[in-house]
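A look at the structure
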Amino acid sequence: MISAYTGTQVRAAEEPLMAAGLGDVLMHRAAHGLAKAVVHELKSHRDRLNGASVVVLVGTGNNGGDGLYAASFLAARGMRTTAVLTGNAAHPAGLAAFERAGGRVHRLTEAALPGLAAEAAGADVVIDAVLGTGAKGGLRENAADLVRAITDKDRQGVVVACDLPSGVDADTGAAVAPVLPADLTVTFGGAKAGLLADPGADHAGRVLIVPIGIDEHLPQPSLRRLEDADIARLLPHPARRAQKYSRGVLGVVAGSEDYPGAAVLACRGALAAGVGMVRYLGPPSVAHLVRLSCPEVVCSTGTVAENRVQAWLVGSGMGPRDHEQLTRAREAIASDLPVVADAGALPALPAMLAPHVVLTPHAGELASLFQRLGHGEDREAVEAGTLGAVRHAAERTGATVLLKGATTLVSAPWGTTFSQADGTAWLATAGSGDVLAGVIGALLAQTGSDVGRFSKAGIAADGRWAAIAALGTALHGRAGRAASEAVSGGPITAGRIADALPEIWGKVSMLSNSGAWKRNSHSQPLR
Ligand SMILES: NC(=O)C1=CN([C@@H]2O[C@H](COP(=O)(O)OP(=O)(O)OC[C@H]3O[C@@H](n4cnc5c(N)ncnc54)[C@H](O)[C@@H]3O)[C@@H](O)[C@H]2O)[C@@H](O)CC1
Ligand SMILES: [K+]
């Protein structure tokens, strides 16, 4: 599992070591990890390190100090290094080390800006070490102009962000423009939460975590990401004497005369995700299509209360005029069973819910939900601060909220938050969300009552609903990626996601569980 922390959490974890006089040691470890990552990047782009050009953009704080020390290691290896001091001061020891190693230093003035922007745009590597975890707000004045000028040019090399791209909030991922988009972010001591939430994740590129020896001081993470070993550990497997009812039954209230396909795709997602049985409740014409497309599904005519299931999926492909379906959805939500409430069910929810109700909005649907609750966040505001928005929604509704996107976030009402980015942009296709709702519904039916499975993995009982939703998201994303890879990276339709899922489940289940849930003990790349 990837654990991510707020800037404040990481700084607090550094505190005891700083107090013991180890501040320089921490900075050297960080800078060494950064320099090593730059060398690795350069080696993958060119034959010789000698003569490669590196421009480091330096701020006034310790982030700039990291950048200067890293650049001094690179200068010592024969690279042409230039430091651009963006403020009126720079980390004194870092600057002295850089100059000793033969690096060139320029102060950023209005007059020097065009030339320095051209040099940065033509460099093999630009290191962004202007702002780190101690920053307030975004780049100012000349530094902002410099980044705009670099971004406007045709860049030659790669951008490596030191700890985080300057302008990205370490805690939330919110960004103040301009931000120099990084190809790689090398982050120290633990991933910053803002690198795992959009728009921060958009700017960060690949993320590499460099340990600096503060693990034992780190608290519970602010945000987590499930990896293969975690997925393997959390996925259910049928007992030898299992039968279909003991494996979990999912009730599906989805689809309408206008959108019958959503019911089919939700059922296909659920069937692919290991559930013992799917019961479908809906209009006869939709039930007919479901029977034809998925003969495994049992179509029922009874009421919600008359159908024995372990979990419900409600709302996919339903509209405000589908009164009968909406009544069923409300009954399911009131049933005390775990529920995935998707799409058309979201506007019909009661104001207060419980964590075992998992809402699955995209940004627009979340904005509508906020408006119904009397909050002003529109779609733009949600997209500008996805982590804050999903947490706010979970707190306000009492439900577990999953915000769909390139990075999908899931938040329990009281803290536990997951970020998954397992998929491909090809997943943004009609019906993909219906499949996702089906997958999560199937997992709720199979594992919702298994508190022990999650507590063994360090997840509290109330947080397990978020973990199940994250697990479903991870499987769905990986299945989408596999489906696209099967057509050489080409486009996929929603049905292909469901088709690819069982093999992904099988493959990930075979992985060894060793090493799951440990904290970062070596530099590791984050997807
Ligand atoms: N604390 C430590 O021991 C370690 C810190 N490390 C590095 O230190 C960074 C944190 O260092 P700092 O606390 O010095 O913080 P920063 O380097 O983020 O910057 C703070 C400095 O920038 C100024 N500043 C704040 N907002 C600004 C803005 N919007 N525009 C321009 N200037 C602004 C402040 O006056 C202050 O001088 C981390 O991100 C990491 O890179 C690493 O070296 C690891 C060890
Ligand atoms: K930075």
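Residues numbered from 1 in each chain as written. Chains lettered and ligands numbered in written order. Predicted model: local features only at pLDDT ≥ 70, side-chain atom pairs only at ≥ 80, totals over all residues.

**Examining the overall build of the chain**
Here is the rule: To qualify as a helix, a DSSP run of H or I must reach at least 4 residues; to qualify as a strand, a run of E must reach at least 2; elements of each kind are numbered from the N terminus. Our radius of gyration looks at C-alpha atoms and nothing else; its globule reference is 2.2 Å times the residue count to the power 0.38. Put plainly, a residue is buried at 20 or more neighbouring C-beta atoms within 10 Å of its own, exposed at 12 or fewer, and partly exposed in between, counting only other residues' C-beta atoms, which are placed from the backbone. The contact criterion used is a C-beta to C-beta distance within 7 Å, with each C-beta placed from the backbone.
The secondary structure content of the chain amounts to 18 helices and 20 strands. The C-alpha atoms of the chain give a radius of gyration of 25 Å, which matches the 24 Å a tight globule of 527 residues would have. For the C-alpha atoms alone, the extent of the chain along its principal axes is close to 80 × 45 × 45 Å. In the chain, which comprises 527 residues, the share counted as buried stands at 57%. Here the contacts in the chain between residues at least 6 apart in sequence split such that 74% fall between residues at least 24 apart.

**Considering the environment of Leu 471**
Along the polypeptide, Leu 471 turns up in helix H17 (residues 464-486). Through-space distance from the C-alpha of Leu 471 to that of Leu 443 is 8.2 Å; in sequence the pair is 28 residues apart. Here Leu 471 is in contact with Leu 226, Ile 231, Leu 234 and Leu 443, once residues within four sequence places are set aside.

**Notes on the site of ligand 1**
Filter applied, for reference: Using a C-beta atom placed from the backbone, a residue is described as near a molecule or strand when that atom lies within 6 Å of it. Three classes are used: nonpolar for Ala, Val, Leu, Ile, Met, Phe, Trp, Tyr, Cys and Pro, charged for Asp, Glu, Lys and Arg, and polar for all others, with Gly counted as polar.
Taken together, 28 residues lie near ligand 1, and Gly 61, Asn 62, Asn 63, Gly 132 and Gly 134 sit nearest. A class-by-class count of the residues in the shell around ligand 1 yields 9 nonpolar, 13 polar and 6 charged.

**Digging into helix H15 (residues 432-447)**
Short version of the rule: One fewer than the residue count of a helix, multiplied by 1.5 Å, yields its expected span.
Compared with the 22 Å implied by 1.5 Å per residue over 16 residues, the 23 Å span of H15 between its first and last C-alpha is a close match. By the criterion of burial, H15 is predominantly enclosed, with 16 of the 16 residues buried.

**Quick look at the UniProt feature "binding site: K(+)" (unreviewed entry) in the chain**
What counts here: UniProt positions are given in the numbering used here, feature names are shortened, and annotations may be inferred rather than shown by experiment.
Annotation from UniProt places "binding site: K(+)" (unreviewed entry) at Asn 63, Asp 128 and Ser 166. Taking the farthest pair of C-alpha atoms as the criterion, the annotated set spanning 104 residues converges on one region, since that pair is 9.6 Å apart. Relative to the elements of secondary structure, Asp 128 occurs in strand S5 (residues 125-129). With 31 C-beta atoms packed within 10 Å, Asp 128 lands in the buried category. Its location among the elements puts Ser 166 in the loop between strand S6 (158-162) and strand S7 (184-188).

**Focus: the packing of H17 against helix H18 (residues 494-509)**
Which entries qualify depends on this criterion: Only the stretch in contact is used when a helix axis is fitted, and all axes are lines through C-alpha atoms; the angle between N-to-C directions ranges over 0 to 180 degrees. Angle categories are assigned with fixed cut-offs, so that under 35 degrees is roughly parallel, over 145 is roughly antiparallel, 65 to 115 is roughly perpendicular, and the rest are oblique.
Interhelical geometry of H17 versus H18 gives an angle of 105° and a closest axis separation of 8 Å. The angle between H17 and H18 places the two elements in the roughly perpendicular class. Across the interface between the two elements, Leu 475, His 476, Arg 478, Ala 479, Gly 480, Ala 482, Ala 483 and Ala 486 from H17 touch Arg 496, Ile 497, Asp 499, Ala 500, Leu 501, Glu 503, Ile 504 and Trp 505 from H18. Among the residues making up the contact of H17 with H18, the classes are represented as 10 nonpolar, 2 polar and 4 charged.

**Quick notes on the nonpolar core**
The condition is simple: Joined through C-beta atoms within 7 Å, a set of buried Ala, Val, Leu, Ile, Met, Phe, Trp, Tyr and Cys residues constitutes a nonpolar core. Those domain boundaries reflect an automatic or database domain assignment.
Core analysis: the biggest nonpolar cluster contains 181 residues, and Ile 127, Cys 267 and Ala 270 have the highest contact counts within it. Top element by residues in this core is H17. It accounts for 11 residues. The residues that make up this core include at least three from each of domain 1 (2-224) and domain 2 (228-509). The contacts of Ile 127, once residues within four sequence positions are left out, are Val 38, Val 54, Val 56, Leu 57, Gly 67, Ala 70, Ala 71, Val 160 and Cys 162.

**Re the domain arrangement of the chain**
Segmentation of the chain into domains returns domain 1 (2-224) and domain 2 (228-509). Its residues assigned to classes, the side of domain 1 that touches domain 2 comprises 7 nonpolar, 2 polar and 2 charged.

**With respect to the packing of H15 against H17**
As a reminder of what qualifies: When the near helix sits turned anticlockwise from the far one by under a right angle, the crossing is termed left-handed; a clockwise turn instead gives a right-handed crossing.
Close contact between H15 and H17 brings their axes to 9 Å; oriented N to C, the two are set at 135°. Comparing the axis directions of H15 and H17 gives the class oblique. Regarding H15 and H17, the two cross each other, and that crossing is right-handed. Across from Val 435, Leu 436, Val 439, Ile 440, Leu 443, Leu 444 and Thr 447 in H15, the residues of H17 making contact are Ile 468, Ala 469, Leu 471, Gly 472, Thr 473, Leu 475 and His 476. Partitioned by chemical class, the residues of the contact of H15 with H17 number 10 nonpolar, 4 polar and no charged.

**Quick word on the pairing of strand S14 (residues 311-314)**
Along a regular strand, successive side chains alternate from one face of the sheet to the other. Cut-off, in case you're wondering: A pair of strands counts as paired when DSSP detects no fewer than two bridges linking them.
What you see with S14 is no split at all: Ala 311 and Leu 313 on one side and Trp 312 and Val 314 on the other are buried throughout. Across 4 bridges, the pairing between strand S11 (residues 249-253) and S14 is parallel. Its bridge partner lying in S14, Val 253 is registered against Val 314. When S14 meets strand S15 (residues 339-341), the two strands line up parallel, connected through 3 bridges.

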